[in-house]
Amino acid sequence: MKQEALPSWNLGDLFKGLEDRNIAVAMKKVEGAAKKFAVANRGKLKRIGASPKEMLRLLKSYEALLTEAAKPIIYAQLLFSDSCAEQKRGAFLQRIKTWHTDIEKELLFFELELSNLGIEKLRKLAKSPELVLYRNFLHQISLQKEHRLKENEEQILSDKNLTGREAFIRLFDQELSQKEFRLLKKGKELKLQEAEVLSMLYDSKRSVRKQGADALTQGLKEEAPRLAFIFNTLIEDKAIEDRLRNFAFPEAARHLANQISKEMVDTMGGVVVKHFPVVQDFYRFKRKILKLDVLYDYDRYAPVSKIEKKISFKEAEDLVLEAFFKFSKSYGEIAVKFFKNKWVDAAKRPGKRGGAFCSFVTPDCHPYVFMNFNGNVRDVFTLAHELGHGIHAYLMKGQGYLNYDVPLTVAETASVFAEMLLFEHLAEEIKSPKELLALYVNKVESIFATVFRQISLFRFEQELHETRRKKGELLVEEINQIWRRSQEEMFGNSVKLSESYDWWWSYIPHFIHTPFYVYAYAYGELLTLSLYARYKKEPGDFVDLYLELLRQGSSKQPSELLAPFKIDMRNKAFWEEGISLIKNLVSKTKSFA
């Protein structure tokens, strides 16, 4: 049977390749504009800042500079993700990072001087009609004042990050993208990539699942000393920067960036932890329908159907588009652009980074979606998830660059909502109780992974960072123990965690790329469940309200964006409502068994 040709993206709307002369031209143009902007405005914001009209002019100029400066670095990052093992691309990425850091240093003065205007002046500017689009940006600048350093200190940190944090992140990506996980099949040694060996955990045969788990563990054990050193180094690096920037606890910087309070995150996390028994009850149910005496960690994702149909990428595309068009014609039409214009990369290649993401790029360009497609139902949902991000970014094109980087909590709401559209579409199309059971089990497990698992990962991160700060460098075995505790807390005795599972913290990229990212998934899922329930109950003007929410980017705070939906995330009852919806889904799942 001929293997399907999977789509590869066309990055030509940014640049044409490593040797494209337009890269150097663009970089030189940005350098000149940045220097001109600095010469014209450094030390003058206190005087200029009194005039909303002048401030608007400055913000637009600053925004235009950031937009053009972003394109070479985004292009380099996308190329590197495409093939982490290729040395030329790694060297190119490092060169562009160095250049981009120089531009950031040139422009550092602007936001520092803005914050030095003081809270009252910034509030006054934010209220002026001319600056309505920048109201939230100015508000966030005022909140960041106490965490900023002097300009020369910020410049030193930027330079050191190139050979510090950024270098270790790149090392992590390279280590795992090049890693070969070995196993024997019919006496022949196979060498698999991370995505391939992880996919074995979803096989209907227990022997295959265990073989995949063993191969993953063995590969991670081989890399453990290096991976543990990377983790330790980056955690210490964060502790140093947090101390310099006056952040009181490890996740404080993430909360500020997400425009969310510690109290709100703790309330949500507390509600989720309180309902870990929901997870335990479900896995006891799954053990029974799988007819297993013991459910091991490598059994968790075993399909309840013995035969899992392989899905072609074209079929996946059609399913996602059908679901999106059912919700909204304009929503579906945006998704079509991604396939038609080659904005999606789904092909599997040696050296390609694992996982999936959507790069927003810039408002005057378009987003790109990146994934590794293996032809299963999970991949169809991953495609919908990343396209949810992509549609969000596309709808934000009317915003400027300063409003184009939404908090992670809002970003994950857009992606999870897209998954719900696909799930609802499939649930309506499928008639067989056995197929519906398989679909619902997959959905429940997806929600568990997004809500309960992400909060368990968040708690692992919290303990890991706190312990590293108290004790110093941690041994692999110590990290393993912290990991096991966090997982046993969630699973209870419903899943038997093997010793092999102790090593599985070490391949999760979010811990490395964006510390404390993970709770945003739980936030987004619970918020989406609530929004989706409102959509099904009162579909009338929901579509227009939802698309408007996406269009506004970060021009407003999350609480303001959600005000039209009458949602109060400070209320514990709101998060309990989300958990209740999950419980209802679990009950419906059981009804098909």
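Residues numbered from 1 in each chain as written. Predicted model: local features only at pLDDT ≥ 70, side-chain atom pairs only at ≥ 80, totals over all residues. Heavy atoms only, no water.

## So, the nonpolar core
So, point 1. If you look at the biggest cluster of nonpolar residues, it comprises 199 residues, and the most contacted ones within it are Leu 114, Phe 324, Tyr 331, Phe 448, Phe 452, Trp 504 and Ile 582.
So, point 2. Residues within four places of Ile 582 in sequence aside, it is in contact with Ile 447, Phe 448, Val 451, Phe 452, Leu 526 and Leu 529. (Core = buried A, V, L, I, M, F, W, Y, C linked by side-chain atoms within 4.5 Å. Buried < 20%, exposed > 50% of the residue type's maximum accessible area, 1.4 Å probe, protein only. Contact = heavy atoms within 4.5 Å.)

## Some details on the packing of aromatic side chains
So, point 1. Tallied over the full model, the rule gives 52 aromatic pairs.
So, point 2. Every member of this aromatic cluster is reached through a ring pair, and the members are Phe 324, Phe 327, Tyr 331, Phe 417, Tyr 532, Tyr 535, Phe 542, Tyr 546 and Phe 565.
So, point 3. Its end group placed over the ring of Tyr 202, Arg 378 keeps NZ or CZ at 3.2 Å from the ring centre. (Phe/Tyr/Trp six-rings, centres within 6.5 Å; stacked < 30°, edge-to-face > 60°. Lys NZ or Arg CZ within 6 Å of the ring centre and 35° of its normal.)

## Details of the packing of helix H10 (residues 206-244) against helix H19 (residues 452-471)
So, point 1. At a minimum axis separation of 10 Å, H10 and H19 run at an interaxial angle of 80 degrees. Put simply, H10 runs roughly perpendicular to H19. Between H10 and H19, the contacting residues are Phe 231, Asn 232, Ile 235, Glu 236, Lys 238, Ala 239 and Asp 242 on the first element and Leu 464, His 465, Arg 468 and Arg 469 on the second.
So, point 2. Of the residues contributing to the contact of H10 with H19, the split by class is 4 nonpolar, 2 polar and 5 charged. (Axes fitted to C-alpha atoms, helices over the stretch in contact; angles between N-to-C directions. Helix = DSSP H or I, 4+ residues; strand = E, 2+ residues; numbered from the N terminus. Parallel < 35°, antiparallel > 145°, perpendicular 65-115°, else oblique. Nonpolar A, V, L, I, M, F, W, Y, C, P; charged D, E, K, R; others polar.)

## Focus on the side chain of Ser 494
So, point 1. Within the secondary structure, Ser 494 is located in the loop between helix H20 (476-491) and helix H21 (510-513).
So, point 2. Apart from residues no more than four positions distant in its own chain, Ser 494 is found in contact with Gln 280, Tyr 283, Arg 284 and Leu 295.

## Some remarks on the sheet that holds strand S4 (residues 357-359)
So, point 1. Spatial strand order, S3-S5-S4: 3 strands in an open sheet with mixed pairing. Edge strands, defined here as strands with exactly one partner in the open sheet, are strand S3 (344-345) and S4.
So, point 2. Pairing geometry for S3 and strand S5 (residues 368-370), over 2 bridges, is parallel. The residue bridging Val 344 from the neighbouring strand is Val 369, located in S5. (Pairing = 2+ DSSP bridges.)

## Section: the side chain of His 389
So, point 1. Residue placement: His 389 occurs in helix H16 (residues 377-395).
So, point 2. For His 389, a relative accessible area of 7% puts it in the buried group.
So, point 3. Within the structure, His 389 has its side chain in polar contact with the backbone oxygen of Ala 411 (distance 3.3 Å).
So, point 4. The residues touching His 389, leaving out its near neighbours within four places in the chain, are Cys 358, Phe 360, Ala 411, Glu 412 and Ser 415. (Polar contact = N/O pair within 3.5 Å; in protein donor to acceptor, adjacent residues only side chain to side chain.)

## Topic: the UniProt feature "domain: Oligopeptidase F N-terminal" (unreviewed entry) in the protein
So, point 1. Sites flagged by UniProt as "domain: Oligopeptidase F N-terminal" (unreviewed entry) map to residues 113-177.
So, point 2. Annotated as 74% helix and 0% strand, the span residues 113-177 places its first and last C-alpha atoms 41 Å apart. (UniProt positions renumbered as here; feature names shortened; annotations may be inferred.)

## Some points on the pattern of salt bridges
So, point 1. Scanning the entire structure with this criterion turns up 46 salt bridges.
So, point 2. Glu 488 is paired through a salt bridge with Arg 484; the nearest N and O atoms lie 3.0 Å apart. With a gap of 4 residues between them, Glu 488 and Arg 484 both fall in helix H20, about one helical turn apart.
So, point 3. Since its relative accessible area comes to 19%, Arg 484 is described here as buried.
So, point 4. Through salt bridges with shared partners, one network takes in Asp 82, Glu 86, Arg 89, Asp 345, Arg 349 and Lys 352. (Salt bridge = Lys/Arg side-chain N within 4 Å of Asp/Glu carboxyl O.)

## Focus on the pairing of strand S2 (residues 188-192)
So, point 1. In terms of strand pairing, strand S1 (residues 181-185) meets S2 through 5 bridges, oriented antiparallel. Bridging across to S2, Phe 181 finds its partner in Leu 192.
So, point 2. The hairpin turn running from S1 into S2, its antiparallel successor, is 2 residues long, and Lys 186 in that turn takes a positive phi close to 55 degrees.

## Looking at the environment of Asn 116
So, point 1. Here Asn 116 is to be found in the loop between helix H4 (87-115) and helix H5 (119-127).
So, point 2. A polar contact of 3.0 Å, which involves the side chain of Asn 116, links it to the side chain of Lys 145.

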